[in-house]
Amino acid sequence: MKILGIIPARFASTRFPGKPLADIAGKSMIQRVYEQAKKSSSLSEVIVATDDLRILEHVKDFGGLAELTSEKHQSGTDRCAEVSNNNSGYDIIINIQGDEPFIEPEQIDVLARCFTDENVSLATLIKQITEFEELVDTNTPKVIVDQLSNAIYFSRTPLPVNRDSELKEWLNKTTYFKHIGIYGYRKSTLQKITKLPISEYEKAEALEQLRWIENGLKIRVAKTNFQSIAVDTPQDLERAIKHLKSLS
């Protein structure tokens, strides 16, 4: 089973233009993501998928692999599908977020192991929510899971609703999980989902994985204990730099 890791990275961003090239203590964010992904024992290769020549050339300058993709893509999934089409011989594609400079290689390996089950065509990671602020944060997607470790639904609001308890007591009553935005796909499934039309629940929640569930696809979930740091804004970048300094 050959696995290709793809890191989608676009230059344009409403909240943080040029984010992949942002400096984090002497290395760009995209370089840090790339180097962490290369440490995974599961990946046969890692490629950055970008729509911008500046990112393409930068990745090549530090010795990484990168491919230029269409500017018309609406999501990282679409960008992954294009690169997947250009690279034969891989069974599994893992979509690694380009804005998580400290992603743990073990997270990638945990996700990759989901595909030892031949029935798994899509997979992602979840982490238990332990803080009330995360539970109610609409920027933190929540997920409910069935007894076979498949996702039932993703939402920006807390699910399930604990109707007999006050909101602040919910974490004491029920186990809640948040979604960690790294995905794995069998190559044929990746091509299939990019052709699906935008769905009703996806529009409502602004979560593309709901499109897959609405079309009858199963998403296997695996648990992780690692807390990644996503960089969505310049303020997040400062937090990431402080985190790196705390490790040294």
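Residues numbered from 1 in each chain as written. Predicted model: local features only at pLDDT ≥ 70, side-chain atom pairs only at ≥ 80, totals over all residues. Heavy atoms only, no water.

A.B. asks: I keep staring at the overall build of the chain and nothing clicks. Help me out?
C.D. replies: A count of helical and extended segments in the chain gives 10 helices and 11 strands. Overall, the chain is about 60 × 40 × 30 Å in size when its C-alpha atoms are taken along their principal axes. Within the span of the chain, comprising 248 residues, buried residues form 54% of the whole. A separation threshold of at least 6 residues defines the contact pool for the chain, and within that pool the share at least 24 residues apart is 67%. Just so you have it, the chain exposes about 12,500 Å², and 47% of that area is on carbon and sulfur atoms. Taken together, the 32 basic and 35 acidic charged side chains of the chain have centroids lying 1 Å from each other. (Helix = DSSP H or I, 4+ residues; strand = E, 2+ residues; numbered from the N terminus. Buried < 20%, exposed > 50% of the residue type's maximum accessible area, 1.4 Å probe, protein only. Contact = heavy atoms within 4.5 Å. Areas by Shrake-Rupley, 256 points an atom, 1.4 Å probe, with all protein chains shown as cover. Lys, Arg positive; Asp, Glu negative; His and termini not counted. Charge placed at Lys NZ, Arg CZ, Asp CG, Glu CD.)

A.B. asks: Sorry, what's going on with the pattern of salt bridges here?
C.D. replies: Pairs may arise between side chains of opposite charge once their charged atoms sit close together. Applying the stated criterion across every chain yields a total of 8 salt bridges. A salt bridge links Lys27 to Glu35; the shortest N-O distance between them is 2.9 Å. The exposure class assigned to Lys27 is partly exposed, which follows from its relative accessible area of 30%. Residue class for Glu35 comes out partly exposed when judged on its relative accessible area of 28%. (Salt bridge = Lys/Arg side-chain N within 4 Å of Asp/Glu carboxyl O.)

A.B. asks: I keep staring at the packing of aromatic side chains and nothing clicks. Help me out?
C.D. replies: Two measures describe an aromatic ring pair: the distance that separates the ring centres and the angle between the ring planes. Applying the stated criterion across every chain, the model contains 6 aromatic pairs. Aromatic pair Tyr34 and Phe62: ring centres 5.6 Å apart, planes at 65 degrees, arrangement edge-to-face. Of this pair, Tyr34 sits in helix 1 (residues 29–38) while Phe62 sits in the loop between helix 2 (53–61) and strand 5 (66–68), and the two are 28 residues apart along the sequence. Take Tyr34: its relative accessible area is 6%, and that puts it in the buried class. For Phe62, a relative accessible area of 22% corresponds to the partly exposed category. Where Tyr153 meets Tyr201, the ring centres are 6.0 Å apart and the plane angle is 80 degrees; that geometry is what we call edge-to-face. (Phe/Tyr/Trp six-rings, centres within 6.5 Å; stacked < 30°, edge-to-face > 60°.)

A.B. asks: What is the right way to look at helix 4 (residues 105–113) in this model?
C.D. replies: For the α-helix, the turn length of 3.6 residues means that residues three or four positions removed from each other point alike. Burial analysis of helix 4 places 7 of its 9 residues in the buried class, the great majority of the element. For helix 4, the elements touching its buried residues are strand 1 (3–9), helix 1, strand 6 (92–95), strand 7 (122–128), strand 10 (177–186) and strand 11 (220–223).

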